[in-house]
Structure formats: structure tokens, C-alpha cells
Amino acid sequence: LTSYGFFLWRYVKDIVYVPPLSQQLDDLKERISSAVELIVEDMLGCVCQELNYYLHIYRVTQDTHIQHL
């Protein structure tokens, strides 16, 4: 995951795991759906842009390991 990917995951996780947590699977699914609906287009745009950057670097370096970008 990229830094924006981690940001997006933390964003959803922080919304989903707010106490009190129900033990019912349907409640967890509803929380996840609600959290995903709160993601705005700009957030997804940043995630996609960064992912495209990393994919471009991957193609240019022809699968060479890159420790830090």
C-alpha cells in the first residue's frame, strides 16, 4: 500500500471501529458501507494518482527493487 492507501484504510477503520461495537456481522457490514460512502472523490483521486506513480516507477525500473520513493 502507498501512503495514501494507508491513509484511506485508517480513515475507514477509524469510522468503523468506534465503540460500542456490536457483535453482529450485519452491523459491521453496515458500518463499513457507511464509512465507504463518506469517502470523497478527492481522496480516491489522490490514491489513484499515487498508485499510478508507483506503477510508472515499477515499469520504468523493470521490476527492480526500490526501497524508498
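Positions within a chain are numbered from 1, following the residues in the order the chain's sequence is written. Note on the predicted model: pLDDT of at least 70 is required for a residue's local features to be given, and 80 or more for side-chain atom pairs to be given and counted; whole-chain, interface and lining totals, by contrast, use all residues. Only heavy atoms go into the side-chain values, all of them from the structure, while hydrogens and water stay out.

Together, Asp-26, Asp-27, Glu-30 and Glu-37 make up a negatively charged patch on the protein surface. Each residue's exposure class comes from its accessible area (1.4 Å probe, protein chains only) as a fraction of the maximum for that residue type: buried when under 20%, exposed when over 50%, partly exposed otherwise. Overall, Asp-26 belongs to the exposed group, its relative accessible area being 58%. Within the patch definition used here, like charges are joined within 9 Å and nonpolar side chains (Val, Leu, Ile, Met, Phe, Trp, Tyr) within 5 Å, considering only residues with over 30% relative accessible area and no salt bridge. Accessible areas in this description were obtained via Shrake-Rupley with a 1.4 Å probe; residue shielding takes into account the shown protein chains only. Take a side-chain nitrogen of Lys or Arg and a carboxyl oxygen of Asp or Glu: if they are within 4 Å of each other, that pair is a salt bridge. Neither His nor the chain ends contribute to the count of charged residues, in which Lys and Arg are positive and Asp and Glu negative. Charge coordinates come from a single atom per side chain, which is NZ of Lys, CZ of Arg, CG of Asp or CD of Glu.

Once that is clear, we can look at unusual backbone geometry. Cis geometry marks the peptide bond from Pro-19 to Pro-20; its omega dihedral reads 0 degrees. With respect to the helices and strands, Pro-20 occurs in the loop between α1 (3–16) and α2 (25–37). Only DSSP runs of H or I reaching four residues or more are called helices, and only runs of E reaching two or more are called strands; each is numbered from the N terminus.

Let's shift gears to helix α3 (residues 41–60). The periodicity of an α-helix, 3.6 residues per turn, causes residues three or four places apart in sequence to face the same way. Taking 1.5 Å as the rise per residue, α3 with 20 residues should run 28 Å; its terminal C-alpha atoms sit 28 Å apart, in good agreement. When α3 is considered as a whole, its buried residues turn out to be Met-43, Val-47, Glu-50 and Ile-57. End-on view of α3: buried residues confined to an arc of 90 degrees, all on one side of the axis. Along α3, the residues that are exposed and aim more than 90 degrees away from the buried face are Glu-41, Asp-42, Gln-49, Arg-59 and Val-60. Once α3 ends, the next one or two residues include Gln-62, with phi positive near 55 degrees. Given a helix with a known number of residues, its expected span is that number minus one, times 1.5 Å. In this description, one arc is meant: the one made by directions from the helix axis to the C-beta atoms.

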